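Observations on the model geometry
Residue-level listing of the chains:
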Amino acid sequence: MGGPTSTVICSVALLVLLSGCGQEKPEPKAHSRVFVQTVQPTDFAAAVTLTGDIQARVQTDLSFRVGGKIIQRMVDVGDRVTARQVLAKLDPKDLQTNVDSAQAQVVAEQARVKQTAAAFVRQEKLLPKGYTSRSEYDAAQAALRSSQSALAAAQAQLANAREQLGYTALIAEARGVITARQAEVGQVVQATVPIFSLARDGERDAVFNVYESLLAEPAPDVPITVSLLDNPSIKAVGRVREVTPAVAANSGTVQVKIALDALPTGMQLGSVVSATANGQAKASIELPWAALTKDLSEPAVWLVDGDGKAQLHKVTVARYLTGKVIIGDGLKGGENVVVAGGQLLHPGMLVEIAQAPDQAQGVQP
């Protein structure tokens, strides 16, 4: 038995069925629009700006040649010193005792020499007369020589003790500037422990710490301009003098020293300086950041082949720069590289090459 309600339900069901038949599943996108760039190799030389400081060509660690307690310090960091200037002193009491003891030993040996010399002279006078034997004469002569040798040894010990006493004063060997202090008054130090660091007057170097990867090739023998960091108008010109062969374990850098011809006014010992060095030019390809993708964990780019299909291609990145990358290997030139729109690409996908906005404006309809 069909009433009005049944008729309405059947009509609604029929409409739903018909509407469902009219909806078709959207077909997957067959291609994607991308922007491409035809790449060409150009010579690229990486410019590296480094920061370093001005150092003395010769730097010396000054230390006492004997141990003791520091009782006086005459200079501090930054002070200019002259040759033969006394920088610090040790307590001389112990070494003075050694001098007094050596002096007493010399006096005793001198008395012994005087005594043995008199005995030998007597034997020497008695032997021709037959009042003494040859053996007694030889014994007196040996005693004299022994005492003379002992006196010479005592005198040498006295000279050494006096020399050691003179080492209680730390003396600058040359003119220069004190750049470091490692000890203070009242400290007991051992011999050869550095007390001061002295930067000698004379030639100056600009010293930089450079990452080893930047020195894969020998540094070219070209002039390098070094400028004061807080006043770039103050400049000096030099050449690479030395590159340390060992890499610092804590920083992974090597030290590069640039010998400066002369220091201008305002650039002095300890000044912070900067220098820009250009590496050797190599044939490379420059691409925007957006062109770079990856194949698993290795860098890659999308190429559009002659059939208009996208292909994933591995490359080697030589350098990362602001907004762009330098491709060192993997592209020879002439390839069409996708620089935008490559997010949804997969290998073998047909692509549509879109024109850049500036190119599209010049195309007539």
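Report follows, based on the coordinates. (Residues numbered from 1 in each chain as written. Predicted model: local features only at pLDDT ≥ 70, side-chain atom pairs only at ≥ 80, totals over all residues. Heavy atoms only, no water.)

Turning our attention to the environment of arginine 57. With respect to the element layout, arginine 57 can be found in the loop between strand S3 (47-56) and strand S4 (59-63). It is 10.0 Å that separates the C-alpha atoms of arginine 57 and leucine 260, two residues lying 203 residues apart in sequence. Residues in contact with arginine 57, not counting those within four places in the same chain, are Glu203, Arg204, Asp205, Arg241 and Ala259. There is a polar contact of 2.9 Å between the side chain of arginine 57 and the side chain of glutamate 203. Within polar-contact distance, the side chain of arginine 57 engages the side chain of aspartate 205 at 3.0 Å. (Helix = DSSP H or I, 4+ residues; strand = E, 2+ residues; numbered from the N terminus. Contact = heavy atoms within 4.5 Å. Polar contact = N/O pair within 3.5 Å; in protein donor to acceptor, adjacent residues only side chain to side chain.)

Let us look at the sheet that holds strand S8 (residues 169-171). Spatially, S8-S7-S5-S10 is the arrangement adopted by the 4 strands of the open sheet, whose pairing is antiparallel. For this open sheet the edge positions go to S8 and strand S10 (188-189), each flanked by a neighbour on one side alone. (Pairing = 2+ DSSP bridges.)

What follows is about the pattern of salt bridges. If charged atoms from side chains of opposite charge come close, those side chains can pair. Applying the stated criterion across every chain yields a total of 16 salt bridges. The salt bridge involving arginine 134 is made with aspartate 138; its shortest N-O contact spans 3.8 Å. Taken as a pair, arginine 134 and aspartate 138 lie in helix H3 (residues 134-166) at a separation of 4 residues, close to a single helical turn. A relative accessible area of 52% places arginine 134 in the exposed class. The partner of arginine 175 in a salt bridge is aspartate 201, and the shortest N-O contact between them spans 3.6 Å. Note that arginine 175 is positioned in the loop between S8 and strand S9 (176-181) and aspartate 201 in the loop between strand S11 (194-200) and strand S12 (204-211), a separation of 26 residues in sequence. Aspartate 201 gets classed as partly exposed once you look at its relative accessible area, which sits at 26%. Connected via shared salt-bridge partners are Arg57, Glu203, Asp205, Arg241 and Glu242. (Salt bridge = Lys/Arg side-chain N within 4 Å of Asp/Glu carboxyl O. Buried < 20%, exposed > 50% of the residue type's maximum accessible area, 1.4 Å probe, protein only.)

For the structure on display, the rule yields 1 aromatic pair. Taking 5.3 Å as the distance between ring centres and 40 degrees as the angle between the ring planes, the aromatic pair formed by phenylalanine 120 and tyrosine 137 counts as tilted. Of this pair, phenylalanine 120 sits in helix H2 (residues 93-126) while tyrosine 137 sits in helix H3, and the two are 17 residues apart along the sequence. Tyrosine 137 carries the same exposure label as phenylalanine 120, and that label is buried. (Phe/Tyr/Trp six-rings, centres within 6.5 Å; stacked < 30°, edge-to-face > 60°.)

Moving on, we come to the layout of surface pockets. Looking at the second largest pocket, its volume works out to about 280 Å³. Ser63, Arg65, Leu170, Ile171 and Glu173 are, among the 14 residues lining the second largest pocket, the residues nearest its centre. Going through the elements one at a time, S4 and S8 are the ones with two or more residues in the lining of the second largest pocket. Among the elements that make up the lining of the second largest pocket, the one with the highest residue count is S4 (4 residues). Class assignment of the residues belonging to the lining of the second largest pocket gives a composition of 7 nonpolar, 3 polar and 4 charged. (1 Å grid on protein atoms, 1.4 Å probe; cavity = no way out; pocket = protein on both sides within 12 Å on 5 of 7 lines; lining within 4 Å. Points joined across faces, edges and corners; volume = space filled by probe spheres on them. Nonpolar A, V, L, I, M, F, W, Y, C, P; charged D, E, K, R; others polar.)

Next up on the list: the sheet that holds strand S6 (residues 80-81). Strands sit in the order S4-S11-S9-S6 across an open sheet of 4 strands; the sheet is antiparallel. Only two strands of the sheet have a single partner each, and these edge strands are S4 and S6. Across 2 bridges, the pairing between S6 and S9 is antiparallel. Residue pairing for S9: valine 81 is matched across the bridge by glycine 176.

So, about the nonpolar core. One broad rule of soluble globular proteins: the nonpolar side chains tend to lie buried together. Within the largest apolar cluster, 28 residues are counted, with the highest numbers of intra-cluster contacts made by Phe64, Leu87, Ile195 and Phe196. In this structure, Ile54, Leu228, Ile258 and Val273 belong to the second largest nonpolar core, which totals 17 residues. (Core = buried A, V, L, I, M, F, W, Y, C linked by side-chain atoms within 4.5 Å.)

Note on helix geometry: an α-helix contains 3.6 residues per turn, so any two residues three or four positions apart are oriented the same way. Relative to the 48 Å expected for 33 residues at 1.5 Å per residue, H3 spans 48 Å between its end C-alpha atoms, a close match to the ideal helical length. Within H3, burial applies to Tyr137, Ala140, Leu144, Ser147, Leu151, Ala154, Leu158, Ala161 and Leu165. Of the surrounding secondary structure, the elements contacted by the buried residues of H3 are H2. (Expected span 1.5 Å × (residues − 1).)

Glancing now at unusual backbone geometry. A negative phi angle is the norm for most residues apart from glycine, just as the trans form is the norm for most peptide bonds. The phi dihedral of arginine 84 falls on the positive side, at around 70 degrees, and the residue is not glycine. If you trace the backbone, arginine 84 turns up in the loop between S6 and strand S7 (86-90). A residue is classified by how much of its surface remains accessible, and arginine 84, at 61% relative accessible area, is exposed. Residues other than glycine seldom take positive phi values, yet threonine 192 does so here, at roughly 75 degrees. Relative to the assigned elements, threonine 192 resides in the loop between S10 and S11.

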